Each structure stands twice: as C-alpha cells, then as structure tokens.
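Chain residues, written in single-letter form:
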Amino acid sequence: MSLKIGIVGLPNVGKSTLFNALTRTKAAQAANYPFCTIDPNVGVVEVPDERLKKLADTVKTEKIIPAVIEFVDIAGLVKGASEGEGLGNQFLAHIRECNAIAQVIRVFQDPDVVHVYGEVHPQKDREILEAELILADLQTLDKRLHKAESDAKSGDAKKRAYADLLKKIEAYFHEGKMAIHMDLTDKEKEEILDLHLLTLKPILYIANVHENEIGKINMEDLKKRLDVPPEAALIPISAKVEEELGGFSETEAREFLETLGLKETGLNQLIKAAYKTLNLITYFTAGPKEVRAWTINKGDPAPKAAGVIHTDFENGFIRAEVINWNDLVECGGEAGVKEKGLMRLEGKEYIVQDGDVMHFRFA
C-alpha cells in the first residue's frame, strides 16, 4: 500500500531542512524567508527494518526490497491560508492526498532565523495551523451541509440523519476542535469519508528543537509546552542533527547519535510513530529471488494482504503458507521450519501478524 505523509508547518520552522534531511536530498529549497517552497516536494524514504537483512542472509538472496514512505514537503501555511493568504488553498489541497499530517513546530531559538510572527511560541504556532485546517474543513462542510439540509426536507430519515451528522461536526469545528478528536462511530466516519476532511487525518507532531537540546528532552514538559493531548504522537527532532547525519557513514552516524544521548535517528522515530498512529504492520515474502517488506493495516485478513501484491492474489486466494520471520531465521530456512512443524497453512479468515513470512496460493 502507498503511504504518504505531508510535512506541514508555519514558514521558517525548519520544514524544508527537515525534509531534505529525512530524504537525504537537497530537493527542497531552505531559505530564511517565508514561502521559499513553492511546489510540494516529494521524497521517497525506505522504511528501516533489521529483519530484512536477517531474512536475506537466511534464504541466500542479495536482493532486498524494503517498504517505503513518501514524504511531501508542503509550503508554509500562515494565518488566513484557508481564505487565500500566503500561498493559500492550493497547499491545503496537497494535504488531502496524504494519509497523515506531520506538523513541524518550531521550538528552537535562533535570532538569525526569522519567525513569521516575530517570536517563537510553539503552542500558538500549533493553534494557528490547526485553526487553518479547521477553517478549510468548514468551507468544505458548508457546501455539503447546504445540500444535505435541502435534501432532508423530503422527509427521508437517512437524509435527515446525514444532515444532522454534518451539523454536529460543524458545531464541533466552531468550538475550535478537530474532527479526529470527535467521538464518531465507524458508520459515521464512513458517511463523511468523501468529504476528505483535513482534520480527520492522524497528526504526528514534530518538535524541531535546538541541536544542543535534542538529547535532554523531557517529553512530559514538551507536551505541556505545545499543549497537545497526552496520547499524541510527539517526536522531538533536531533538523540540523538529521541534516548532519546525512553525510555520515552508518558507523559514524551511530557514534554521533551516542554522543548526543540518542538511540536512533529522528527519521526512524518518525516512521515508527507513523506506523503506530496509522495502525500499520509489515509482513514479508522471502525466497531466492528477493526478500520484500509489505505494509498492510493491522487486522487485515490473508486475502487482503495478498491483494497488496496483486489483485489476482486476493481474488483467487486459496490459502497461505505462514512462517514467523524469527522461526525462519533460527531454523536456517524453510526446510528447518518444516522439520520442526513451524509452518502453518492458513485460510481466508487468518489475520496477518506483524513479521509473518507468507507464500500465497491462488487460483
């Protein structure tokens, strides 16, 4: 499945620097003035997974195909963007195409990097950006609500219920709250799916901190400073540190992270948070031709997981041969797994687990 994350934030919060660092490119212009990103930049990043190398060594293949994430660097939003201020609605439209929003919030202080509103105020910056997303959704909702209320006059119970649902969401927006925090049933979420509401997308908060502070972050204090919910996905990252890491070898990068008191890169933390927030897992296919990682939704049955490879696999699904990745490695290959009776045959009802190595049989 294609996974796309939009990187958003106010101008000069370090979005483009972070994008360049995460994607190890110089695709996005990084300049000390607002709106230096005119078109959304797209970078494809491999999802790091140490299991792939171990599987490749076991099945004796050199070809490894990891899962990937697309990061989209979207131009800086400003207050009034939903009404055309700054670079306006064209960039809000780019967010609609993404699975999740990574909101970059400037926490670092640097007098040489101007702030679009004159001072660094992380909570205020977050509120401004989220208010613009809400206002954009209100515009979308108003158009649909007008028609829905007109349709409801027919007396049709379903049409009346739909109009009432839209009015409930509208009232929530007027309270300054995002749709993702609403207590909606699965059926209600399905009914508003075609609205493509920005505020219904999962949000990952990225706190861009000073390189001297990155190893000493108190997460509880940082969440209070940004005033985000306790359960929110918050990833402290130093864009400058990530940028430096791009020029290091794997060994040098590991040593550099250790000196900063970090166990892994900000990119790895962000990818893990994205998978958790979006409720995604990974399964593998492994053979002499290649080892490959596939991304699916947690809870997907075997036929749906097979469909990620090809629709024919899903439509003609018969069964799946399933091995836990660790069993495959520890047994030294498929023959060893079969000897110990650790290979399973699973049918259409089987729920795929993270780390499954699968071989599909289909008609």
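Here, the structure is the one placed above.
Cut-offs applied
Residues numbered from 1 in each chain as written. Predicted model: local features only at pLDDT ≥ 70, side-chain atom pairs only at ≥ 80, totals over all residues. Heavy atoms only, no water. 1 Å grid on protein atoms, 1.4 Å probe; cavity = no way out; pocket = protein on both sides within 12 Å on 5 of 7 lines; lining within 4 Å. Points joined across faces, edges and corners; volume = space filled by probe spheres on them. Helix = DSSP H or I, 4+ residues; strand = E, 2+ residues; numbered from the N terminus. Nonpolar A, V, L, I, M, F, W, Y, C, P; charged D, E, K, R; others polar. Pairing = 2+ DSSP bridges. Axes fitted to C-alpha atoms, helices over the stretch in contact; angles between N-to-C directions. Contact = heavy atoms within 4.5 Å. Phe/Tyr/Trp six-rings, centres within 6.5 Å; stacked < 30°, edge-to-face > 60°. Core = buried A, V, L, I, M, F, W, Y, C linked by side-chain atoms within 4.5 Å. Buried < 20%, exposed > 50% of the residue type's maximum accessible area, 1.4 Å probe, protein only.

Engineer: Explanation requested: the layout of surface pockets in the structure shown.
Structural biologist: In this approach, a probe sized like a water molecule rolls over the atoms, and the result shows the empty space that is left. The space that makes up the largest pocket amounts to roughly 1,100 Å³. Around the largest pocket, the lining is made up of 34 residues, and of these Val 47, Pro 48, Asp 49, Thr 265 and Asn 268 lie nearest the centre. Contributing elements (two or more residues each) for the lining of the largest pocket: helix H1 (15-23), strand S2 (41-46), helix H2 (50-59), helix H9 (250-259), helix H10 (266-277) and strand S8 (280-286). Here the residues of the lining of the largest pocket sort into 16 nonpolar, six polar and 12 charged. Here the second largest pocket defines a volume of roughly 630 Å³. Surrounding the second largest pocket, 14 residues form its lining, Lys 189, Leu 193, Leu 200, Lys 201 and Pro 202 being those nearest its centre. With three residues, helix H6 (residues 186-191) is the largest single contributor of residues to the lining of the second largest pocket.

Engineer: Help me understand the sheet that holds strand S7 (residues 233-237), please; the structure alone is not making it clear to me.
Structural biologist: Strands pair in a sheet through their backbones, by hydrogen bonds, and they do so in one of two ways: parallel or antiparallel. The six strands are arranged S2-S4-S1-S5-S6-S7 in an open sheet whose pairing can be described as mixed. If you trace the sheet from one side to the other, it starts and ends with S2 and S7, each paired once. Neighbour-to-neighbour, the strand axes of the sheet open up by a mean angle of 25°, direction not taken into account. Bridge count for strand S1 (residues 4-8) against strand S5 (residues 100-106) is four bridges, and the pairing is parallel. Counterpart to Ile 7 in the pairing with S5 is Ala 102. The sheet contacts of H1 involve S1, S2, strand S4 (68-73), S5, strand S6 (203-208) and S7, and relative to S2 the element is tilted by about 35°. Taken strand by strand, H10 contacts S1, S2, S4, S6 and S7, and its axis lies near 175° from that of S7.

Engineer: Hey, could you run me through empty space enclosed by the protein in this one?
Structural biologist: Under the counting rule described, the total for this entry stands at one cavity of 30 Å³ or more. Each pocket or cavity is described by its volume, and for the largest cavity that value is around 30 Å³. Around the largest cavity sit Gly 9, Leu 10, Val 13, Gln 103, Val 104, Ile 105, Arg 106, Asp 125, Arg 126 and Leu 129, which together line it. For the lining of the largest cavity, the secondary-structure elements that each account for two or more residues are S5 and helix H4 (122-152). Counting residues per element, the lining of the largest cavity draws most heavily on S5, at four residues. Residue composition of the lining of the largest cavity, grouped by class: five nonpolar, two polar and three charged.

Engineer: Before we go on, may I ask you to explain the packing of aromatic side chains in this structure?
Structural biologist: A ring pair, where both rings are aromatic, is described by two values, the distance of the centres and the angle of the planes. Under the counting rule described, the total for this entry stands at four aromatic pairs. Arranged with centres 5.9 Å apart and planes meeting at 85°, the rings of Tyr 283 and Phe 360 form a pair that is edge-to-face. Here the residue Tyr 283 occupies a position in strand S8, and Phe 360 occupies one in strand S12 (residues 356-362), the gap between them amounting to 77 residues. In this structure an aromatic cluster arises from ring pairing among Tyr 283, Phe 317 and Phe 360.

Engineer: Just to check I follow, could you spell out the nonpolar core for this structure?
Structural biologist: Soluble globular proteins tend to pack their nonpolar side chains together in the buried interior. Core analysis: the biggest nonpolar cluster contains 48 residues, and Ile 95, Leu 166, Ile 169, Phe 173, Ile 192, Tyr 205 and Leu 226 have the highest contact counts within it. Put simply, the parts of the chain that give this core at least two residues each are S5, H4, helix H5 (157-174), S6, helix H7 (219-226), helix H8 (239-245) and H9. Sequence-distant contacts of Leu 226, that is, excluding residues within four places in its chain, are made with Ile 105, Val 107, Pro 122, Gln 123, Arg 126 and Leu 234. If you look at the next biggest cluster of nonpolar residues, it comprises 44 residues, including Val 45, Ala 239, Ile 271 and Ala 293.

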